[in-house]
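Okay, here's what each chain looks like letter by letter:
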Amino acid sequence: MGYTGLYIHIPFCVRKCAYCDFTSYAGRESMFEPYIGALERELGSYGAGDGAAADTVFIGGGTPSVLSAELISRLCKSVRTNFELAERTEWSMEVNPGTVTEEKLNAMLEGGINRVSVGVQSFCDAELRAAGRIHSAQEAYNTVLGLRAAGFENISIDLMASLPLQTAESFKKTLGTAAELPVRHISVYSLIIEDGTPLKEKYDSGEYPEPDEDEDRELYRYTGEFLAGRGFERYEISNYAAPGYESRHNIKYWECTPYIGAGAAAHSYTGSERYFNTPSLEEYISGGGRRMGLERLSENDRMSEFMMMGLRMTAGVSYAEFMRRFGRDLRSVYARELERLVPTGLLEERGGRLRLTPRGLDVANPVMCEFML
Ligand code: SF4
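Note that the structure is predicted; figures quoted are calculated from it, not measured.

Moving on: unusual backbone geometry. Of note, the bond from G61 into G62 is cis; its omega dihedral lies within 30 degrees of zero at 20°. Relative to the helices and strands, G62 resides in the loop between β4 (52-61) and α2 (69-82). Within the chain, S162 stands out as a residue other than glycine whose phi angle is a positive 65°. Along the polypeptide, S162 turns up in the loop between β7 (154-161) and α6 (168-180).

So, on to the side chain of D55. The topology assignment puts D55 in strand β4. D55 sits in the buried class, given a relative accessible area of 17%. Among all residues touching D55, those that are not within four sequence positions of it are Y3, T4, A86, R88, T89, E90, R248 and K252.

Pairing within the open sheet is antiparallel, and its three strands lie in the order β15-β17-β16. Each edge of the open sheet carries a strand with a single partner, namely β15 (317-318) and β16 (347-350). Note that β16 and strand β17 (residues 353-356) share four bridges and pair antiparallel. Bridge pairing in β17 links E348 to R355.

A separate point is the domain arrangement of the protein. Taken as a whole, the protein is organised into domain 1 (4-253) and domain 2 (298-373). Averaged C-alpha coordinates put domain 1 and domain 2 at centres separated by 29 Å. Domain 1 puts ten residues into the contact, and the matching count from domain 2 is eight residues. Taken together, the two surfaces of domain 1 and domain 2 that pack against each other cover about 830 Å², and 52% of this comes from carbon and sulfur. At the boundary of domain 1 with domain 2, the tally comes to two salt bridges. With its nearest N and O atoms 2.4 Å apart, the salt bridge here joins D362 to R221.

A few words now on the site of the ligand. Every residue near the ligand is listed here: C13, R15, K16, C17, Y19, C20, F22, S24, G62, T63, N96 and R133. When its residues are assigned to classes, the shell around the ligand shows five nonpolar, four polar and three charged.

This part takes up α6. Taking 1.5 Å as the rise per residue, α6 with 13 residues should run 18 Å; its terminal C-alpha atoms sit 19 Å apart, in good agreement. Where α6 is concerned, the buried positions are S170, F171, T174, L175, G176, T177, A178 and A179. Next to the buried residues of α6 lie α4 (125-130), α5 (137-150), β7, β8 (185-190) and α8 (213-229).

Procedures and definitions
Here, residues in each chain are numbered from 1, in the same order as that chain's written sequence. Reporting of local features is limited, given that this is a predicted model, to residues whose pLDDT is at least 70; pairs of side-chain atoms are given and counted only at 80 or more, and all residues count toward the totals for whole chains, interfaces and linings. Where side-chain values are given, they derive from all heavy atoms of the structure, hydrogens and water being excluded. Under the scheme used here, helices are H or I runs from DSSP no shorter than 4 residues and strands are E runs no shorter than 2 residues, and both carry numbers assigned from the N terminus. Under the scheme applied here, a residue whose accessible area is under 20% of the maximum for its type counts as buried, over 50% as exposed, and between as partly exposed, the area being computed with a 1.4 Å probe on protein chains only. In this analysis, two residues are considered to be in contact whenever any of their non-hydrogen atoms come within 4.5 Å of each other. Strands pair, by our definition, only if DSSP identifies at least two bridges between them. Note that the domain bounds reflect an automated or database-derived domain assignment. Accessible-area loss on putting two parts together, using a 1.4 Å probe and summing over both, is the definition of buried area adopted here. The salt bridge definition used is simple: a Lys or Arg side-chain nitrogen within 4 Å of an Asp or Glu carboxyl oxygen. Any residue with a heavy atom positioned within 4 Å of a molecule or strand is treated as near that molecule or strand. Classification convention: Asp, Glu, Lys, Arg as charged; Ala, Val, Leu, Ile, Met, Phe, Trp, Tyr, Cys, Pro as nonpolar; all other residues, Gly among them, as polar. Here, expected helix span is obtained from the residue count minus one, scaled by 1.5 Å.

Here it is in structure tokens:
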């Protein structure tokens, strides 16, 4: 049986963070129940006929932990009813500090969730306030300890670099605190100042100085070395894990393998087509806007994506897998790029794979873009 990844989007948050341009809405508590009802119907459509099978499930957002314990239970039940889950399914849910209760944690455990990703971002209160987060550093710390005490063993935390008011010193302190906690996985993303966000206005008005790119690079290198010394290996540009705790769900995205996305604004990928649901809550709840956008990917699109996503991982891409998918030799499709980039020391060929070197990972974006056909 072919197992897919299943992503479920919960587009609700207590309040919008100052930097956020994701599809998530604050102040829509009255829609929680009808939204879960609509999700049950969408998930039910996969359970009809032969049914679908998943070996990774990811409930993301937004802030899935704003849902009540009862709604979390209903959602988990709907997943189990409509999808045949593999024996060792990795089932993640995102939580944000300030929205977690013991009752919700019990509902998550009973529902089958076995991995939790906590949006910490920083362990410095001034930075959290400037980013518009709803929680303090202490609450974030306690949330992680509370998850461990409740019985979750596979905990991941998200941190951010280049936050407003953040200094090299405060970032290093945050990283040190993160590594002391009982977590198996750490993601570190650099802040992107998106148009239309309150933070963008503050940067435009000069209230905060623009992030210094050289310092950002320096902290990126520091992060890799520091976390390696604490037992977390980088396996993707922004992701670090204890051995065996890499996110199997996210690896599906980077390996361009099929996944189903359920919920408002969720995307699905079949291997040759991508489609997405409406971002409108009203339309989604009323049963419309499913699979509304459809993008057919050409072979060139698929080869480009395979390379650009695969090179994000430190393991890189496999020549054999490229041949299996496209019936073509990677070395001949990308002959010119390899001839130019391998001698620069940014890319290396080893053990039947092509990957970015540590120096290449430092300047990953322009190198990956070279593989766009
Ligand atoms: S918690 Fe996440 S999804 Fe919600 S507003 Fe903040 S950054 Fe956006």
